[in-house]
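Descriptive analysis of the structure
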Amino acid sequence: MRKIMTVVGARPQFIKVAPVSRVLRHSFEELIVNTGQHYDYKMAGVFFEELGIPKPDYDLGIGSSTHGKQTGLMLDKIEELLIAEKPEGVLVYGDTNSTLAGALAASKLHIPLFHVESGLRSFNKKMPEEVNRILTDHVSQLLFAPTETAVRNLSNEGIINGVSNIGDVMYDAVLYNTELTEKQYDLHQHFGVESGSYYLATIHRAENTDDKNRLKAILSSIASIPGKVILPLHPRTKARINEFGLDEFLGATNLMIIDPVSYLEMILLEKNAKGIVTDSGGVQKEAYFMKVPCFTLRSETEWVETVECGWNRLVNPETECLSDYMNQEITQPYSPNLFGNGQASHKIVTGIKEFFGDF
């Protein structure tokens, strides 16, 4: 049986690995390498337990650092593992430093690289994720794009071979886990709220948290929302709020501050919210899957389809107020197949089998 090494390290990647790994292991031997990019239990460890992901074969424990140092440490350790384990392919997800480190290590050793979530572009190279995804795409042999827009982005960069639109693996994950969530959790008992009685907010991106004035504007804008807002507070955001002396905003009467939540808890909160405010790419999509209006605290998004269809609105908190938009109705129809049919994981494994000629 051929050996595939899967390299992950951040919360969104664990979510994507779960449905793919379930299918992949029927046809391949999989080794999972967790770089440790997200090292907090609620941000990482609980995901392996909750989603039934096999325990990582290797946990590198890299942790937080500057982009260059973190990526370099990952690259060094992943290269050692590739030389020792000799996998026939490397599978990476998304656009994190773990993605780039896995991609560079595989490319330097001439091991076929398979990139899930290829072709996303924000066209903002100040975002480290944008650089990571561009570089990874240009050294990949198989590029699994989630949408036709992503396929076009790759074509515009001259990348055509090995590209396929397989849909979004996060849609696979949501379909699989929503029922599990509802069996495991009761919204009122767990969070003390009723369905449709609150908004959900998440803030974590460096461009939003590391600029004092922008973070202040975001917190002020969230505080202006007419109604209860549940805010699972990301460790980065909490640290910056303390550093910048913005703690007073956490005392807003409409805010319900909670610790970071697990994936199933997040699904529960998303599904029952009347609106979602976020800077997360994954949450934007999940909001769409749940048919919940989304307000994205960025000037651009990789998931342009959600904006074009009217279910997602880009909001600049430094010049716009969230409360002005929260009650606007969505007039465009919901398109159920915008991100595929929930079979992306099977299509990924089929694509890898075809690459090796294993039929």
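Data block above holds the structure.
A brief look at the structure comes next.

Rules used throughout
- In every chain, residue numbers begin from 1 and rise along the written sequence.
- Per-residue local features are limited, in this predicted model, to residues with pLDDT of at least 70; the limit for side-chain atom pairs, both in listing and counting, is 80 or more; totals at the level of whole chains, interfaces and linings are taken over all residues.
- In computing side-chain properties, one takes all heavy atoms of the structure into account and sets aside hydrogens as well as water.
- Strands are runs of DSSP state E lasting at least two residues, helices are runs of H or I lasting at least four, and both sets are numbered from the N terminus onward.
- Put simply, the radius of gyration uses C-alpha atoms, and a globule should come to 2.2 Å times the residue count raised to 0.38.
- Burial status follows relative accessibility: with a 1.4 Å probe on protein chains alone, a residue under 20% of its type maximum counts as buried, one over 50% as exposed, and anything between as partly exposed.
- By definition, a salt bridge exists where a carboxyl oxygen of Asp or Glu is found within 4 Å of a side-chain nitrogen of Lys or Arg.
- Cavities and pockets are found on a 1 Å grid laid over the protein atoms alone: a cavity is a set of points where a 1.4 Å probe fits but cannot escape, a pocket is an open set with protein on both sides within 12 Å along at least five of seven lines, and a lining residue has an atom within 4 Å of such a point.
- Grid points are joined across faces, edges and corners, and a volume is the space filled by probe spheres set on the points.
- Ten residue types, Ala, Val, Leu, Ile, Met, Phe, Trp, Tyr, Cys and Pro, are classed as nonpolar, four, Asp, Glu, Lys and Arg, as charged, and the remainder, Gly among them, as polar.
- When DSSP finds two or more bridges between a pair of strands, those strands are recorded as paired.
- To define axes, lines are fitted to C-alpha atoms, for helices over the stretch in contact only, and angles between the resulting N-to-C directions are given on a 0 to 180 degree scale.
- Whether two residues are in contact is decided by their heavy atoms: any pair within 4.5 Å suffices.
- Note on terminology: angles under 35 degrees are roughly parallel, angles over 145 are roughly antiparallel, angles of 65 to 115 are roughly perpendicular, and the others are oblique.
- What makes a crossing left-handed is the near helix being turned counterclockwise from the far one by less than a right angle; a clockwise turn instead makes it right-handed.
- Multiply 1.5 Å by the residue count of a helix minus one, and that product is the helix's expected span.
- We define the bend at any residue as the angle between the axes fitted to the seven residues before and including it, ending there, and the seven starting there.
- Pairing of N or O atoms within 3.5 Å defines a polar contact, subject to two protein rules: one partner must be a possible hydrogen donor and the other a possible acceptor, and residues neighboring in sequence count only if both atoms are side-chain atoms.
- A clockwise path from the first strand over the helix to the second, with the strands pointing away from the viewer, defines a right-handed crossover.
- We call a set of buried residues a nonpolar core when its members are Ala, Val, Leu, Ile, Met, Phe, Trp, Tyr or Cys and they connect through side-chain atoms within 4.5 Å of each other.

Scanning the protein from N- to C-terminus turns up 15 helices and 13 strands. Relative to a compact globule of 359 residues, whose C-alpha radius of gyration would be 21 Å, the protein shows 20 Å and is just as compact. Viewed in the frame of its principal axes, the protein has a C-alpha envelope of about 60 × 45 × 40 Å. For the protein, buried positions account for 57% of its 359 residues.

To continue, consider the pattern of salt bridges. A full pass over the atoms with the stated rule returns 20 salt bridges. Asp-95 serves as the salt-bridge partner of Arg-133, at 2.6 Å between the closest nitrogen and oxygen. Remark: Asp-95 occurs in the loop between β4 (89-93) and α4 (97-108) and Arg-133 occurs in helix α5 (residues 128-138); sequence separation between them is 38 residues. Judged by its relative accessible area of 15%, Asp-95 falls in the buried class. Taking the shortest distance from any N to any O, the salt bridge between Arg-133 and Glu-302 comes out at 3.5 Å. Placement of Arg-133 in helix α5 and of Glu-302 in the loop between β12 (294-296) and α14 (304-308) is noted, with a sequence separation of 169 residues between them. We note that Arg-133, like Glu-302, is buried. Through salt bridges with shared partners, one network takes in Asp-95, Glu-130, Arg-133, Arg-298, Glu-300 and Glu-302.

This part takes up empty space enclosed by the protein. By the definition in use, this model includes one cavity of 30 Å³ or more. Estimates place the volume of the largest cavity at around 40 Å³. Along its surface, the largest cavity is lined by Val-116, Glu-117, Phe-144, Ala-145, Pro-146, Ile-166, Gly-167, Asp-168 and Val-169. Of the residues that constitute the lining of the largest cavity, the class distribution is six nonpolar, one polar and two charged.

Moving on, we get to the sheet that holds strand β11 (residues 275-278). In spatial order, the strands read β10-β9-β8-β11-β12-β13; together these six strands make up an open sheet with parallel pairing. Taken across any chain shown, the strands that pair with only one partner, and hence form the sheet edges, are β10 (255-258) and β13 (312-314). Between one strand and the next, the sheet's axes are offset by a mean angle of 20 degrees, whatever the strand orientation. Relative to strand β9 (residues 228-232), strand β8 (residues 198-201) is paired through three bridges, and the arrangement is parallel. Residue pairing across strands places Tyr-198 opposite Lys-228, the latter belonging to β9. In this fold helix α13 (residues 281-289) packs onto β11, β12 and β13, with an angle of close to 170 degrees to the strand it touches most, β11.

Let us now look at the packing of helix α3 (residues 67-85) against α4. The relative placement of two packed helices is expressed as an angle between their axes plus a distance between the axes. The geometry of α3 relative to α4 is characterised by a closest axis approach of 8 Å and an angle of 45 degrees between their N-to-C directions. On the basis of their axis angle, the class for α3 and α4 is oblique. Relative to α4, α3 is oriented so that their crossing is right-handed. In contact with His-67, Gln-70, Thr-71, Met-74, Leu-75, Ile-78, Glu-79 and Leu-82 of α3, α4 contributes Asn-97, Ser-98, Leu-100, Ala-101, Gly-102, Leu-104, Ala-105 and Ala-106.

Of the pairings in the sheet, the one linking β9 to β10 comprises four bridges and is parallel in character. If you follow Ile-230 over to β10, its bridge partner there is Met-256.

Here the focus is helix α7 (residues 169-184). Taking 1.5 Å of rise per residue, the 16 residues of α7 would be expected to cover 22 Å, and the 22 Å separating its terminal C-alpha atoms lies within 8% of that figure. Along α7, the sharpest change in direction is near 35 degrees and occurs at Asn-177. When we look at burial in α7, the residues that qualify are Val-169, Met-170, Tyr-171, Asp-172, Ala-173, Val-174, Asn-177, Thr-178 and Thr-181. Turning to α7, the residues buried within the fold contact α1 (11-24), β5 (113-116), α12 (263-272), α13 and α15 (344-356). A distance of 2.7 Å separates the backbone nitrogen of Met-170 from a side-chain oxygen at the start of α7, and that oxygen is part of Asp-168.

Once that is clear, we can look at the pairing of strand β1 (residues 3-8). Consecutive side chains of a regular strand alternate in pointing toward one face of the sheet and then the other. β1 sits mainly inside the fold: six of its six residues count as buried. What you see with β1 is no split at all: Lys-3, Met-5 and Val-7 on one side and Ile-4, Thr-6 and Val-8 on the other are buried throughout. Across six bridges, the pairing between β1 and strand β2 (residues 29-34) is parallel. Pairing of Ile-4 across the sheet is with Glu-30, part of β2. Taken together, β1, α1 and β2 form a β-α-β motif whose crossover is right-handed. As paired strands, β1 and β4 are joined by four bridges and run parallel to one another. By the bridge assignment, Ile-4 is partnered in β4 with Gly-89.

The subject of this paragraph is the nonpolar core. Counting 62 residues, the largest nonpolar core has Leu-91, Leu-269 and Ile-352 as the members making the most contacts within it. When residues of this core are assigned to their parent elements, the largest contribution, seven residues, is made by α1. Once residues lying within four places of it in the same chain are set aside, the contact partners of Leu-269 are Leu-187, Phe-191, Tyr-198, Leu-200, Ile-230, Ile-258 and Val-261. Membership of the second largest hydrophobic core comes to 24 residues, among which are Leu-231, Phe-249, Leu-322 and Tyr-325.

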